[in-house]
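Commentary on secondary and tertiary structure
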Amino acid sequence: MESLTGMLVYIIAAPLVGGLLAGLDRIVSARMQNRVGPPVLQPFYDVGKLFAKGTAEVNRLQVPLAMCHLIFMIATGAFFFAGGDIILTVFTFAVAAIFLIVAAFSSGSPYSFVGAERELIILLSAEPVLLLAMAGIYKVSGTFNLYAIAAGGKPLIIYLPGIFLCFVYILAMKLRKSPFDISYSHHAHQEIVKGITTDLGGFSLAMIEISHWYENTFLLGFIYLFFAFNTVLAAAAVALVYLFEIMVDNTNARVRWQLTLVSAWALTLVLGGGNLIALYMVNICPK
Amino acid sequence: MKKSPWLLHYDGSSCNGCDIEVLACLTPVYDVERFGIINTGNPRHADILLLTGSINHQNEEVVKNIYAQMPNPKVVLAVGVCATSGGVFAECYNVKGGADKVVPVDVYIPGCAARPESIIDGVVRALAVLEEKRAKLAAEAK
């Protein structure tokens, strides 16, 4: 029953939380650049407008694919907040990303194509961290069940600081923030125009935006998991990490895909892998 | 619709004077993002096409193409005297004239170069046209 409530609360509240977060993000970014910034409800106005616009479909597949991206993203968060299986959650998350990539590949635009290829690179860079996080969390808490992990009261952050840092690193990719906004950028236009969303307009773009709100809420939930033993500390950590990501976004130029991949893997290997090896060597974790 | 206008800026054959003023609108001094205005580079996401510079035989097809790629409802702004009428280049053999020679222009913003204040004012006026077009499209759909 509790898991069902968690799931329902997420499905209803996540777009609101995600949308407000996006609005706050834009205001904080604007203030960092000495500007006033848009109203906090701006992301909702944008999505409302996109629904009112006509949709120019480049092929019949694109809208269903964008819709699948949204459905699987909702499913990811639903599994997560229902306290389900962490492996299922992470793999559903990857499936959601794949649908967006296929939607972009289905168009004829070279910008969309390059964006999709770069999104694959991002997936390739980020996925090892999520896999290591699962392994590390299992080693510490002895279960893959998210409810048991959160309720277990184990301070994951103390056992898994390396994996947590890796997660913060790939969070910039998943939030599509500089320096890793190689496939799609929120700011103006970039060298590949709007990258992965170049050929998605109107209704399909609105779905991508909403799915991004769900995604952000889920990712911040993952940060929360590391601090789940103390609610106040966890909320503060989530806020701090998000603020840190905005600051990094505003102070860094975009990097090449090569550096994205190599740096993410190197960090994962050294910090994430090192963390895991240390856990096994010291073996302080109770079974 | 009025609260979230996304712009697409195309530079026809301008001297870059108007383009610099368009970019100035994004700076902390004018900060058009206050009104939810975003400078998008993508016709599929744009609601407002902002044209600077006069139309010549080379960019004619480009402007038509961009206009055709924008989803309805959409409005066109001609910024600066070159885009509104061809300006001092109107009589040149290689210039066709203002933007309205190839696409229907809704708002004309004069000036050489057009001031950021007048560009913002023009965009706000364009929003009223955009709303009108949206209502018309909705009525037609019924």
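No experiment lies behind these values; they were computed from the predicted model shown. (Residues numbered from 1 in each chain as written. Chains lettered and ligands numbered in written order. Predicted model: local features only at pLDDT ≥ 70, side-chain atom pairs only at ≥ 80, totals over all residues.)

Turning our eyes to something else, we now look at the overall build of chain A. The secondary structure content of chain A amounts to 11 helices and zero strands. Secondary structure of chain A in N-to-C order comes out as α-α-α-α-α-α-α-α-α-α-α. By the compact-globule yardstick of 19 Å for 287 residues, chain A fits well, its C-alpha radius of gyration being 19 Å. Dimensions of chain A, computed from C-alpha atoms along their principal axes, come out at roughly 55 × 45 × 40 Å. For chain A, with 287 residues in total, the buried portion stands at 47%. For chain A, restricting intrachain contacts to residue pairs at least 6 apart in sequence, the fraction spanning at least 24 positions comes to 76%. (Helix = DSSP H or I, 4+ residues; strand = E, 2+ residues; numbered from the N terminus. Rg over C-alpha atoms; globule rule 2.2 N^0.38 Å. Buried ≥ 20, exposed ≤ 12 C-beta atoms within 10 Å, placed from the backbone. Contact = placed C-beta atoms within 7 Å.)

Helix and strand counts for chain B come out as four helices and seven strands. Ordered by position from N to C terminus, the α and β elements of chain B give β-α-β-β-β-α-β-α-β-β-α. What you see for chain B is a C-alpha radius of gyration of 14 Å, in line with the 14 Å of a compact globule of 142 residues. Taken across its 142 residues, chain B has 44% of its residues classed as buried. For chain B, contacts bridging at least 24 residues in sequence account for 81% of all contacts bridging at least 6.

Our focus in this paragraph is the sheet that holds strand E3 (residues 48-52) of chain B. Residues and elements named next belong to chain B. Spatial ordering of the open sheet is given by E2-E1-E3-E5-E7, a layout of five strands whose pairing is parallel. Looking at the sheet topology across the chains shown, the edges are occupied by strand E2 (38-39) and strand E7 (107-109). Direction of pairing for strand E1 (residues 6-11) relative to E3: parallel, over a ladder of five bridges. Bridging across to E3, Leu8 finds its partner in Leu49. Of the strands in this sheet, E1, E3 and strand E5 (75-79) are in contact with helix H1 (residues 17-24), which crosses E3 at around 140°. (Pairing = 2+ DSSP bridges. Axes fitted to C-alpha atoms, helices over the stretch in contact; angles between N-to-C directions.)

A word on the environment of Ile192 of chain A. Residues and elements named next belong to chain A. Mapped onto the secondary structure, Ile192 falls in the loop between helix H8 (161-174) and helix H9 (202-226). Assessed through the 22 C-beta atoms surrounding it within 10 Å, Ile192 is described here as buried. A C-alpha to C-alpha distance of 8.5 Å links Ile192 and Pro110, two positions 82 residues apart in sequence. Filtering out sequence-adjacent residues up to four positions away, Ile192 remains in contact with Tyr111, Val114 and Gly115.

All names here are of chain B. Within E5, five of the five residues are buried, which leaves the element mostly enclosed by the surrounding structure. Where burial is concerned, the two faces of E5 agree: the one with Val75, Leu77 and Val79 and the one with Val76 and Ala78 are both buried. Inspection of the sheet shows E3 paired to E5 by five bridges, in the parallel sense. Residue pairing for E5: Leu50 is matched across the bridge by Leu77. As judged from the three bridges shared by E5 and E7, these two strands associate in the parallel manner. By the bridge assignment for E7, Ala78 is matched with Tyr108.

Attention shifts here to the nonpolar core. Membership of the largest hydrophobic core comes to 74 residues, with the highest contact counts inside it found for Leu100, Val129, Phe167 and Ile170 of chain A. Looking at this core, the element that brings in the most residues is H9 of chain A, giving 14 residues. Residues contacting Val129 of chain A, with those up to four places away along its chain left out, are Cys166, Phe167, Ile170, Thr268 and Gly272 of chain A. Counting residues in each nonpolar core, the second largest holds 37 residues, with Ala46, Met70, Val75 and Ile119 of chain B among its members. (Core = buried A, V, L, I, M, F, W, Y, C linked by C-beta atoms within 7 Å.)

With 25 residues of chain A at the contact, the number on the chain B side is 17 residues. Contributing elements (two or more residues each) for the side of chain A that touches chain B: helix H2 (42-52) and H9 of chain A. No other element matches H2 of chain A, which puts five residues into the side of chain A that touches chain B.

Let us look at the environment of Ile246 of chain A. All names here are of chain A. Tracing the sequence through the fold places Ile246 in helix H10 (residues 231-251). Each C-alpha atom, one on Ile246 and one on Met32, is 9.2 Å from the other, the two residues being 214 residues apart in sequence. Once residues lying within four places of it in the same chain are set aside, the contact partners of Ile246 are Asp25, Val28 and Ser29.

All names here are of chain A. Two elements in contact, H8 and H9, have axes separated by 11 Å at closest approach and are oriented at 170°. Between H8 and H9, the angle falls in the class roughly antiparallel. Note on element contacts: H9 touches H8 through Glu215, Leu219, Phe222 and Phe226, opposite Phe164, Phe167, Leu171 and Lys174. Per-class residue counts for the contact of H8 with H9 are six nonpolar, no polar and two charged. (Parallel < 35°, antiparallel > 145°, perpendicular 65-115°, else oblique. Nonpolar A, V, L, I, M, F, W, Y, C, P; charged D, E, K, R; others polar.)

With that out of the way, let us pick up helix H3 (residues 62-81) of chain A. All names here are of chain A. Over its 20 residues, H3 extends 29 Å from the first C-alpha to the last, a length consistent with the 28 Å expected when each residue adds 1.5 Å. Across the 20 residues of H3, 14 count as buried, placing the element largely inside the fold. Looking one or two residues beyond H3, the residue adopting positive phi is Gly83, at roughly 75°. (Expected span 1.5 Å × (residues − 1).)

To continue, consider the confidence of the model for chain B. Averaged over every residue, the pLDDT of chain B is 87; residues scoring 70 or more account for 99%. What the predictor reports for the complex is a pTM of 0.90 with an ipTM of 0.87. (pLDDT = per-residue confidence, 0-100.)

On to unusual backbone geometry, then. The omega angle of the peptide bond from Ser178 of chain A to Pro179 of chain A is 0°, so this bond is cis rather than trans. If you trace the backbone, Pro179 of chain A turns up in the loop between H8 and H9. Phi is positive for Asn16 of chain B, which is not a glycine, with a value near 80°. Following the sequence through the fold, Asn16 of chain B ends up in the loop between E1 and H1. Even without a glycine there, the phi angle at Asp31 of chain B is positive, about 40°. Within the secondary structure, Asp31 of chain B is located in the loop between H1 and E2.

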